[in-house]
Amino acid sequence: MSRLKTLVANERGTPPLAGGHALCQGCGIPVVVRTVLDSIATPKVVVGATGCLEVATTRFPGTAWNVPWMHVAFENAAAVASGIEAAYRALARRGALPQDDPITFVVFAGDGGTYDIGLQALSGALERGHRFLFVCYDNQAYMNTGIQRSGATPLGASTTTTPAGLESLGKMQRRKDMTAIAAAHRIPFVGQAAASHWYDLSRKVEQAVAAGGPAFLNVLSDCPLGWGHEPKLFKSVLDLAVETRLWPLYEVVDGSYRITYLPKRRVPVTEWLALQARFTHLQRPDAEKIVAEIQRRVDEDWDRLLRRASSDAAATEVS
Amino acid sequence: MASVRTARLLTGSEAVANAMRQIDPDVVPIYPITPQTPIIERFTRFVADGETSTEIVNVESEHSAMSAAVGSALAGARTMTATSSQGLALMVEVIYIAAGMRAPIVMAVGNRALSAPINIHGDHSDGYLARDSGAIQLFAENAQEAYDLMVMAPRIAEHPDVLLPVLVGQDGFTITHSAEPVELLPDEAVRAFVGEYRIPAPLLDLSAPRSQGMFAMPDYYFELRHQIAAAMERAREVIEEVAAEYEELSGRRLSALEEYRLEDAERALVCMGSTAGTVKDVVDELRAEGERVGLLEVRSFRPLPIERIRAACSGCSEVAVLDRADTPGGVGALHAECAAILCGSRARVRGHVYGLGGRDLSPAEIRAVFAGAAPRYVGLRSAS
Ligand SMILES: Cc1ncc(C[n+]2csc(CCOP(=O)(O)OP(=O)(O)O)c2C)c(N)n1
């Protein structure tokens, strides 16, 4: 069956996240959610962290979710999932739940709920080995509270707490490498994907669920309001993040790095920056050094990833 | 009444760990902190030896312990945990949520002072932090009561009209680490008493997918949050119903309020926790000396037995309320509540703060409280 047909089949006529929710036009989050959940054939239970996805889909008394869904707070989604998964194991063991059709537990959290305030709970859950898939929809800032900077916000971005101004060129720190942090937990599957590349994302989800342990997916997702782009540029802006090699698509399976998409030509990062109002100030003459720095770091990170992936590939061939 | 009775020498921690073994909860997320540690150490040893089939989740913080507990309890599994002090402080955000999501989690608390300065000994500051959360909060007088309340707690928490977390407090060290004779019920009796875990909408019921922990705007928030208050009102009755049933089983009655020699008392003292034991001795002495004094031991801090406190004090002219936690710049919490409850009665209500960070309250000081001769901060050394 083609992947698209598989996704449709897995929906069984009912989308896990129905239309009518209040997420913005051009927002990548619903694309990520539907692609992820439709790539899973088993029954699913979803846990959400506080953020745009939660707020925009569950305004009482309505809900957009057609699968069991739970939200508790901002920083603890991985801990909540740990408890649910432990409950599932306990109940299955004493025969209170059927064991033939295993449930897949999926967490959705934004970059704030993953990189920053949610990092401790996530790290603990990964280390303990709970069987669940943690999906970070990384839109590079705290969007729900009004576009504040996070540990995922890229160098030079203007946010409402790192605003560009006469004496400021936006955020002055580089983003942390959350995918590598997850990989350092030596869990069976870690992947980096983008909302624009649904096929790649879907394949990674399948692999993550089959990996038989905790899995982490870091999925780049746009925010028209926070990034300052037209909603219709949803795909272009994400595509360019991938093509500029700023957001490489790769996976780490049992510690081995593999790049899953190789951009064909070198696209300068300025093309990506130019699409977004949060980087407008970088066109000022005094920002030249920052732009050069952004490019240098993209190249450096890409080269390191390439070296890592090719040495892992060589190691696989040797063994 | 139970026919076979054997008392064993157990600390409050061991007593509670034994209650947990007998209840055999499905999931227990844990994170260590003194003086709670002996509870979870003893319990995990029971699990290691196959005496319970519990799924232990060794989380990385108390915040995660309470979060995992909410997930697990609402997934459909009986869930218990334990903590103290800073751990409870870290949990507080999620205790409010547990109450709001109506998760019937049972938690043993080894009550301990809050930092700074850091201190591991008993007072009620940690419990007071969770006062307004919507969790039911019970205080034990001794190890036996800690055990009894722990066995009663699932029945209260899981009652279909209640569905709230229950915190079972015992004073750090004074109870958690002191061995006394404790009578355990037979395992089967406890298991039959608590019964099966049932909640109205388990998350893992895939036949009826539900959203839990939703977002509510001003059009619904007030009503949803008010449901906790309604459940608390109902919990007043449920606590007494469960206490009556438990009395049949054990011969011990653990009511929300214990009235000790109050019949014709002119002066009453109100307190919670282990101090009540000492106060009872002092009451006995004073009674022997002809003084008309008595004690109101508050076992249920939430829901507070308001009407019963009012009725119990109706004949008193002096009521002294002891808070084992301070409210800098304000009036002690239990003191303020008793004053409000007794407003309009003929009783003069005084408040005292005592025992912070594990400081003992001596019989002499209790006598001074009864005599109206104690300062507001009882047992505090003068600054000189
Ligand atoms: C403990 C706590 N701190 C702060 C907040 C406020 N808050 C709610 S959502 C949010 C930002 C979420 O950002 P992110 O995780 O990136 O998700 P997004 O908004 O982009 O969907 C913040 C700061 C909160 N709810 N809880």
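What counts and what doesn't
Residues numbered from 1 in each chain as written. Chains lettered and ligands numbered in written order. Predicted model: local features only at pLDDT ≥ 70, side-chain atom pairs only at ≥ 80, totals over all residues. Heavy atoms only, no water. Domains from an automatic or database assignment. Contact = heavy atoms within 4.5 Å. Buried area = accessible area lost by both parts, 1.4 Å probe. Salt bridge = Lys/Arg side-chain N within 4 Å of Asp/Glu carboxyl O. Near = heavy atom within 4 Å. Polar contact = N/O pair within 3.5 Å; in protein donor to acceptor, adjacent residues only side chain to side chain. Areas by Shrake-Rupley, 256 points an atom, 1.4 Å probe, with all protein chains shown as cover. Nonpolar A, V, L, I, M, F, W, Y, C, P; charged D, E, K, R; others polar. Core = buried A, V, L, I, M, F, W, Y, C linked by side-chain atoms within 4.5 Å. Buried < 20%, exposed > 50% of the residue type's maximum accessible area, 1.4 Å probe, protein only. Helix = DSSP H or I, 4+ residues; strand = E, 2+ residues; numbered from the N terminus. Phe/Tyr/Trp six-rings, centres within 6.5 Å; stacked < 30°, edge-to-face > 60°. Lys NZ or Arg CZ within 6 Å of the ring centre and 35° of its normal.

Let's shift gears to the domain arrangement of chain B. The extent of an interface is frequently quoted as the accessible surface area lost upon association of the parts. Residue and element names in this part refer to chain B. Partitioning chain B into structural domains gives domain 1 (6-250) and domain 2 (257-371). Of note, the centres of domain 1 and domain 2, computed from C-alpha atoms alone, are 26 Å apart. Each side of the interface is counted separately: domain 1 has 27 residues, and domain 2 has 29 residues. Interface area, domain 1 with domain 2, both sides summed: about 2100 Å², of which 53% is carbon and sulfur. Along the contact surface separating domain 1 from domain 2 lie four salt bridges.

Quick look at the site of the ligand now. Close to the ligand lie 18 residues; Cys52(A), Gly112(A), Gly113(A), Tyr137(A) and Asn144(A) are nearest. Each of chains A and B places residues near the ligand. A distance of 3.0 Å is found between an oxygen atom of the ligand and a side-chain nitrogen or oxygen belonging to Asn139(A). Between the ligand and the protein, one listed contact pairs an oxygen atom with a backbone N or O atom of Met143(A) at 3.3 Å. Contact with the protein chains hides 78% of the accessible area of the ligand, taken as 590 Å² for the molecule alone. Of the residues that constitute the shell around the ligand, the class distribution is seven nonpolar, eight polar and three charged.

Moving on, we get to the nonpolar core. Val36(A), Trp65(A), Phe108(A) and Leu204(B) are the most contacted members of the largest nonpolar core, which has 137 residues in total. Apart from residues no more than four positions distant in its own chain, Phe108(A) is found in contact with Val33(A), Val36(A), Leu37(A), Val46(A), Val47(A), Gly48(A), Ala49(A), Leu53(A), Trp65(A), Val135(A) and Tyr137(A).

The next subject is the interface of chain B and chain A. The interface of chain B with chain A comprises 41 residues on the first partner and 42 residues on the second. In this assembly, chain B packs against chain A so that about 3300 Å² is buried in total across both faces, 65% of it on carbon and sulfur atoms. Residue Glu60(B) is joined to Arg128(A) by a salt bridge in which the shortest nitrogen-to-oxygen separation is 2.9 Å. The interface formed by chain B and chain A includes 16 residue pairs in polar contact (both at pLDDT 80 or more). Where the side of chain B that touches chain A is concerned, the elements lending two or more residues are strand S3 (55-58), helix H3 (62-75), helix H4 (85-100) and strand S9 (211-212) of chain B.

Evaluation of the coordinates by the stated rule reveals 12 aromatic pairs over all chains. Seen in terms of ring centroids, Trp198(A) and Tyr199(A) are 5.7 Å apart; in terms of plane orientation they differ by 70°. Their pairing is edge-to-face. Relative accessible area serves as the criterion here: at 48%, Tyr199(A) is assigned to the partly exposed category. Arranged with centres 5.5 Å apart and planes meeting at 50°, the rings of Trp272(A) and Phe279(A) form a pair that is tilted. Classification of Phe279(A) as buried rests on a relative accessible area of 1%. Clustering of aromatic rings is evident, with ring pairs tying together Trp227(A), Trp272(A) and Phe279(A). The aromatic ring of Tyr199(A) is capped on one face by Arg3(A), whose charged end is 5.1 Å from the ring centroid. Over the ring of Phe46(B) we find Arg21(B); its NZ or CZ atom is 5.2 Å from the centre of that ring.

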